[in-house]
Amino acid sequence: MAEEKGDIAKGAKIFQTKCATCHNAEKGGGNGQGPNLWGIVNRKAGSVANFQYTAANKNSGLICSKFLSFHVYVHGPENVSNFFPQKKIIGFTWDKKTLNTYLTNPKKMIPGTKMVFAGLKTKEERRDLIAFLDSRKD
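What you see is a predicted model; the values in this text were computed from it and never measured.

Cut-offs and rules
- Residues numbered from 1 in each chain as written.
- Predicted model: local features only at pLDDT ≥ 70, side-chain atom pairs only at ≥ 80, totals over all residues.
- Heavy atoms only, no water.
- Core = buried A, V, L, I, M, F, W, Y, C linked by side-chain atoms within 4.5 Å.
- Buried < 20%, exposed > 50% of the residue type's maximum accessible area, 1.4 Å probe, protein only.
- Helix = DSSP H or I, 4+ residues; strand = E, 2+ residues; numbered from the N terminus.
- Contact = heavy atoms within 4.5 Å.
- Polar contact = N/O pair within 3.5 Å; in protein donor to acceptor, adjacent residues only side chain to side chain.
- Salt bridge = Lys/Arg side-chain N within 4 Å of Asp/Glu carboxyl O.

1. Digging into the nonpolar core
And step 1. Of all hydrophobic cores here, the largest spans 22 residues; its most connected members are Phe15, Ile40, Trp94, Leu129 and Leu133.
And step 2. At the level of secondary structure, the elements contributing two or more residues to this core comprise helix H1 (8-18), helix H5 (96-104) and helix H7 (123-135).
And step 3. Per element, the largest residue contribution to this core is four residues, and it comes from H7.
And step 4. Residue contacts for Phe15: discarding those within four places in its chain leaves Ala20, His23, Asn24, Ala25, Leu37, Leu129, Phe132 and Leu133.

Put into structure tokens, the structure is as follows:
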């Protein structure tokens, strides 16, 4: 099944109404309450220079082994604890699948995050926002 393409213009509007209060998506732009999101798609989580991540975000991530990485790839990062209850997700990458999961319910994926954003409930909104974010790169 082919990946559905999002609408970048609609995603830009969603970004302005839901994200821009705390985030910047401009190349070389500063961090706000949240980190700059330029180049976020396929970027390692927690890697924006000069941004002070919360403990919840710093301690949230994955990948201890190829076996565990495979389970994350197949089942998604939100389901790691179903297979490996002792594991946390350390060092994951913000690929489109992970962004989709996160944007659905950030507090479920990263319990304890201080981000007040409740998430985007429709797949169309998430797809459009991810298309916009994916356009913000070199």
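On we go from here.
2. Overview of H5
And step 1. Of all the residues in H5, the buried ones are Thr98, Leu99, Thr101, Tyr102 and Leu103.
And step 2. Among the structural elements, helix H6 (106-109) and H7 are those in contact with the buried residues of H5.
And step 3. The backbone nitrogen of Lys97 has a side-chain oxygen 3.3 Å away, supplied by the residue at the start of H5, namely Asp95.

3. Comments concerning the side chain of Thr113
And step 1. Along the chain, the position of Thr113 falls in the loop between H6 and H7.
And step 2. Look at Thr113 and you get buried, because its relative accessible area is 8%.
And step 3. At 3.3 Å, the side chain of Thr113 and the backbone nitrogen of Met115 are in polar contact.
And step 4. In this structure, Thr113 is in contact with Ala56, Asn57, Tyr102, Pro106 and Lys107, ignoring residues within four places of it in sequence.

4. Overview of the environment of Trp94
And step 1. Of note, Trp94 is situated in the loop between helix H4 (80-83) and H5.
And step 2. Here Trp94 falls in the buried class, since its relative accessible area comes to 10%.
And step 3. Considering only alpha carbons, one finds Trp94 and Arg43, 51 residues apart in sequence, at a separation of 5.5 Å.

5. Re the pattern of salt bridges
And step 1. Overall, the coordinates contain five salt bridges when judged by the stated rule.
And step 2. For Asp134, the salt bridge goes to Lys96, with nearest N and O atoms at 3.3 Å. Remark: Lys96 occurs in helix H5 and Asp134 occurs in helix H7; sequence separation between them is 38 residues.
And step 3. For Asp134, a relative accessible area of 16% gives the class buried.
And step 4. Judged by relative accessible area, which is 30%, Lys96 ranks as partly exposed.
And step 5. Its salt-bridge partner being Arg127, residue Asp128 comes within 4.0 Å of it at the nearest N-O pair.
And step 6. Arg127 gets classed as partly exposed once you look at its relative accessible area, which sits at 24%.
And step 7. Residues joined in a network through salt bridges with shared partners are Lys96, Asp134 and Lys137.

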